[in-house]
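Residues per chain are reported as follows:
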Amino acid sequence: MSNRVVQGRMVTPERLAELIEGERPMEADGIEDADQVCPDCGGDVLAVSYMPSVTELITGYKCQDCDWADADR
C-alpha cells in the first residue's frame, strides 16, 4: 500500500519517514504493517524503509494511533 492513515491523517511513505526521522528523506518505499503492537498505547505499528542519506537505508516504525516511533539504527 502506498498511503495509510496515521493519527487521523492520510500519509505517504515520504511523510511517514519524515514523522519518524524528523526531516524529509531522499527516498522512501511503500508502507507496510509491522506485525507488532505499540509499546506505548497497544495500537498497530507501520513500517517504512527510507534513505535519509545516500549511504543509509533505514526501516522506521510508527504507531498509527500515538506519537511513538522508532528506527532500526
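Named according to an unreviewed UniProt entry, the chain is DUF5795 family protein originating from Haloplanus ruber.

Bringing the overall build of the chain into the picture now. Counting its regular elements, the chain contains one helix and six strands. For the chain, the N- to C-terminal ordering of α and β elements is β-β-α-β-β-β-β. Here the chain has a C-alpha radius of gyration of 11 Å; the compact-globule value for 73 residues is 11 Å, and the two agree. With the C-alpha coordinates aligned to their principal axes, the bounding extent of the chain is approximately 35 × 25 × 20 Å. Residue burial in the chain is summarised as follows: out of 73 residues, 36% are buried. Counting only contacts in the chain whose residues sit at least 6 apart along the sequence, the fraction spanning at least 24 positions is 37%. The average position of the 6 basic charges and that of the 16 acidic charges among the side chains of the chain differ by 7 Å.

So, on to the confidence of the model for the chain. Predicted confidence across the chain gives a mean pLDDT of 94, with 99% of residues reaching 70 or more. Element-level pLDDT for the chain is lowest in strand S3 (residues 27-37), with a mean of 94, against a maximum mean of 97 in strand S5 (residues 56-63).

Right, let's talk about the side chain of Arg-4 for a bit. By the secondary structure assignment, Arg-4 is in strand S1 (residues 4-6). For Arg-4, the residues in contact, after removing those within four places along its chain, are Arg-9, Met-10, Val-11, Ile-31, Glu-32, Asp-33, Leu-46 and Gln-64.

This paragraph deals with the sheet that holds strand S6 (residues 69-71). In any sheet, the strands associate via hydrogen bonds between backbone groups, in a parallel or an antiparallel arrangement. Spatial strand order, S3-S4-S5-S6: four strands in an open sheet with antiparallel pairing. A single partner strand is all that each edge strand has here, and the edge strands are S3 and S6. Between one strand and the next, the sheet's axes are offset by a mean angle of 25°, whatever the strand orientation. Looking at chain direction, S5 and S6 are connected through three bridges and run antiparallel.

With respect to the element layout, Lys-62 can be found in strand S5. With no salt bridge to any partner, buried Lys-62 finds its closest opposite charge in Asp-67, at an N-O distance of 4.9 Å. Looking at Lys-62, its side chain comes within polar contact range of the side chain of Gln-7, at 3.0 Å. Leaving out residues up to four positions away in the same chain, Lys-62 has contacts with Val-6, Gln-7, Leu-16, Leu-19, Ile-20, Asp-44, Val-45, Leu-46, Asp-67, Trp-68 and Ala-69.

Criteria and cut-off values
Residues numbered from 1 in each chain as written. Predicted model: local features only at pLDDT ≥ 70, side-chain atom pairs only at ≥ 80, totals over all residues. Heavy atoms only, no water. Helix = DSSP H or I, 4+ residues; strand = E, 2+ residues; numbered from the N terminus. Rg over C-alpha atoms; globule rule 2.2 N^0.38 Å. Buried < 20%, exposed > 50% of the residue type's maximum accessible area, 1.4 Å probe, protein only. Contact = heavy atoms within 4.5 Å. Lys, Arg positive; Asp, Glu negative; His and termini not counted. Charge placed at Lys NZ, Arg CZ, Asp CG, Glu CD. pLDDT = per-residue confidence, 0-100. Pairing = 2+ DSSP bridges. Axes fitted to C-alpha atoms, helices over the stretch in contact; angles between N-to-C directions. Salt bridge = Lys/Arg side-chain N within 4 Å of Asp/Glu carboxyl O. Polar contact = N/O pair within 3.5 Å; in protein donor to acceptor, adjacent residues only side chain to side chain.

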